[in-house]
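Letter by letter, the chains look like this.
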Amino acid sequence: SALADTDRPRSGPEVVAHRGASADAPENTLAAADEALVQRADAVEVDVQRTADGHLVLVHDATLARTTDVARVFPTRALAPVGAFTLAELRRLDAGSWFSPASAGERIPTLGEFADRLRGRADLLVELKDPARYPGVEKEVAYEVDGRRGVVVQSFDHDVMRSFAEAAPDVPAGWLFDGRPTAAQLDDAAAHGVTQINPSFEVVDAALVAEVAARGMQTGTYTVDAPDDMRRIADTGVDRIITDRPAVLRTVLAG
Ligand code: G3P
Ligand code: CA
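Residues numbered from 1 in each chain as written. Chains lettered and ligands numbered in written order. Predicted model: local features only at pLDDT ≥ 70, side-chain atom pairs only at ≥ 80, totals over all residues. Heavy atoms only, no water.

Asker: I keep staring at the overall build of the protein chain and nothing clicks. Help me out?
Answerer: Of regular secondary structure, the protein chain possesses 10 helices and 9 strands. Computed over C-alpha atoms, the radius of gyration of the protein chain comes to 18 Å, within 12% of the 18 Å expected from 2.2 N^0.38 for 255 residues, which places it in the range of a compact globule. A principal-axis box enclosing the C-alpha atoms of the protein chain has dimensions of 50 × 40 × 30 Å. Within the span of the protein chain, comprising 255 residues, buried residues form 53% of the whole. Across the protein chain, the fraction of contacts at a sequence separation of at least 24, relative to all contacts at a separation of at least 6, is 56%. If you average the places of the 27 positive and of the 41 negative side-chain charges in the protein chain, the two averages end up 3 Å apart. (Helix = DSSP H or I, 4+ residues; strand = E, 2+ residues; numbered from the N terminus. Rg over C-alpha atoms; globule rule 2.2 N^0.38 Å. Buried < 20%, exposed > 50% of the residue type's maximum accessible area, 1.4 Å probe, protein only. Contact = heavy atoms within 4.5 Å. Lys, Arg positive; Asp, Glu negative; His and termini not counted. Charge placed at Lys NZ, Arg CZ, Asp CG, Glu CD.)

Asker: Just checking my understanding: could you explain the coordination of the calcium ion (ligand 2) for this structure?
Answerer: For a metal with four tetrahedral donors the ideal donor-metal-donor angle is 109.5 degrees, while six octahedral donors give ideal angles of 90 or 180 degrees. Donor atoms from the polypeptide that coordinate the calcium ion (ligand 2) comprise Glu45 (OE), Asp47 (OD) and Glu127 (OE), at 2.1 to 2.3 Å from the metal. Spacing between the donor residues of the calcium ion (ligand 2) along their common chain follows E-x1-D-x79-E. With Asp47 in strand 2 (residues 43-50) and Glu127 in strand 4 (residues 123-128), this pair connects stretches of sequence that are 80 residues apart. For the pair formed by Asp47 and Glu127, the shared burial category is buried. (Donors = N, O, S within 2.8 Å, 3.2 Å for Na, K, Ca; no water.)

Asker: Just to check I follow, could you spell out the nonpolar core for this structure?
Answerer: Soluble globular proteins: nonpolar side chains tend toward being buried together. Leu64, Leu111, Phe114, Leu124, Val126, Val141 and Val153 are the most contacted members of the largest nonpolar core, which totals 68 residues. Apart from the residues within four sequence positions on either side, Val153 is in contact with Val126, Leu128, Val141, Val145, Met161, Phe164, Val171, Pro172, Ala173 and Gly174. Counting 7 residues, the second-largest nonpolar core is a separate cluster that includes Val16, Ala43, Val152 and Leu176. (Core = buried A, V, L, I, M, F, W, Y, C linked by side-chain atoms within 4.5 Å.)

Asker: Got a minute to help me understand helix 10 (residues 246-254) in this structure?
Answerer: Residues three or four positions apart in an α-helix share a direction because the helix packs 3.6 residues into each turn. Those residues of helix 10 that fall on the buried side of the exposure criterion are Pro246, Leu249, Arg250 and Val252. The arc that holds every buried residue of helix 10, seen down its axis, measures 165°, which confines them to one face. Exposed residues pointing more than 90 degrees away from the buried face of helix 10 are listed as Thr251 and Ala254. Residues of helix 10 that are buried make contact with strand 1 (14-18), helix 9 (227-235) and strand 9 (240-243). (Arc of directions from axis to C-beta.)

Asker: How should I be thinking about the site of ligand 1 in this particular structure?
Answerer: Surrounding ligand 1, one finds His18, Arg19, Glu45, Asp47, His60, Glu127, Lys129, Gln154, Phe156, Leu176, Tyr222 and Ile242. Contact distances for ligand 1 include 3.3 Å between an oxygen atom and a side-chain N or O atom of Asp47. Taking His60, its side chain carries an N or O atom lying 2.7 Å from an oxygen atom of ligand 1. When the free accessible area of ligand 1 is taken as 290 Å², the share hidden by the protein chains comes to 89%. The class makeup of the residues in the shell around ligand 1 is 4 nonpolar, 3 polar and 5 charged. (Near = heavy atom within 4 Å. Polar contact = N/O pair within 3.5 Å; in protein donor to acceptor, adjacent residues only side chain to side chain. Areas by Shrake-Rupley, 256 points an atom, 1.4 Å probe, with all protein chains shown as cover. Nonpolar A, V, L, I, M, F, W, Y, C, P; charged D, E, K, R; others polar.)

Asker: I'm lost on the packing of aromatic side chains in this one. Help?
Answerer: Here the structure, examined in full by the defined rule, presents 3 aromatic pairs. Ring centres of Phe156 and Tyr222 lie 5.9 Å apart, and the angle between their planes is 85°; on these two criteria the pair is classed as edge-to-face. Pair noted here: Phe156 is in the loop between strand 5 (151-155) and helix 6 (158-167) and Tyr222 is in the loop between strand 8 (218-221) and helix 9, with a separation of 66 residues, a long-range link. The exposure class assigned to Tyr222 is buried, which follows from its relative accessible area of 15%. Sitting above the plane of the Phe74 ring, Arg77 keeps its charged end 5.1 Å from the centroid. If you follow Arg77 out to its NZ or CZ, it ends over the ring of Phe85, 4.2 Å from the centre. (Phe/Tyr/Trp six-rings, centres within 6.5 Å; stacked < 30°, edge-to-face > 60°. Lys NZ or Arg CZ within 6 Å of the ring centre and 35° of its normal.)

Asker: What am I meant to see in the pattern of salt bridges here?
Answerer: Two side chains of opposite charge can pair, provided their charged atoms sit close to one another. Under the counting rule described, the total for this entry stands at 24 salt bridges. Its salt-bridge partner being Asp34, residue Arg117 comes within 2.7 Å of it at the nearest N-O pair. Within this pair, whereas Arg117 is found in helix 4 (residues 111-118), its partner Asp34 is found in helix 1 (residues 30-38), the two being separated by 83 residues in sequence. On the basis of relative accessibility, which here comes to 27%, the residue Asp34 falls in the partly exposed class. A salt bridge links Arg119 to Asp116, with the shortest nitrogen-to-oxygen separation between them at 2.5 Å. A relative accessible area of 39% places Asp116 in the partly exposed class. Among the charged side chains, a salt-bridge network with shared partners connects Arg19, Glu27, Asp47, Asp61 and Arg66. (Salt bridge = Lys/Arg side-chain N within 4 Å of Asp/Glu carboxyl O.)

Below is the structure:
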């Protein structure tokens, strides 16, 4: 399996914690990784960007404004892009207080730290977030995750994913889609060794899951947080569901 570390007998889809268990802990932090493990996620999804001095860090947005206290620590740079900061600068930011007082002091983790936290306990789904901003980032992520078990790398940028596949042919790869993938896109993905087709849940139905499976690939989908949607999506036969609420999804799947 592509997700070898936590292979287990299973019926129904894998549970993937979106940015960690991000309904209950600050997204893309080690606290969100720990909460995902408590909520029995099979895997954790994160968003990777690159610092000015070349470190791979986990942040979703283009800026730090929503998820840190950047406006207090660096008042003149509150809306600067993530990639304009060094790792040492990012480490000064509080990535938890925006979420809740109890999360104060959480720091932005590196990809390596986050992967170490999960190692052997849950798989890791790494999204290259807007990789066109970071030329060559796919090769750096390839280097970081090559040899780690239970890691999958995905992006909406399929050109960059083609480059990733050349750099790391043995690392399972996913293509993200906003809308419903066309047959031509599925053929293209299969020809490039893609293992996961990961569209937005609104476009997922049993016919799409079958089209993907007919080409030897799996279907995952994001971001499914309402129990009614969880039930409908699980019934399509998808291989994994990405959710902010792993514990809720577990309950729905058990029911
Ligand atoms: O894993 C897919 C999903 O995370 C893509 O959307 O905006 O949450 O990164 P976004
Ligand atoms: Ca993401």
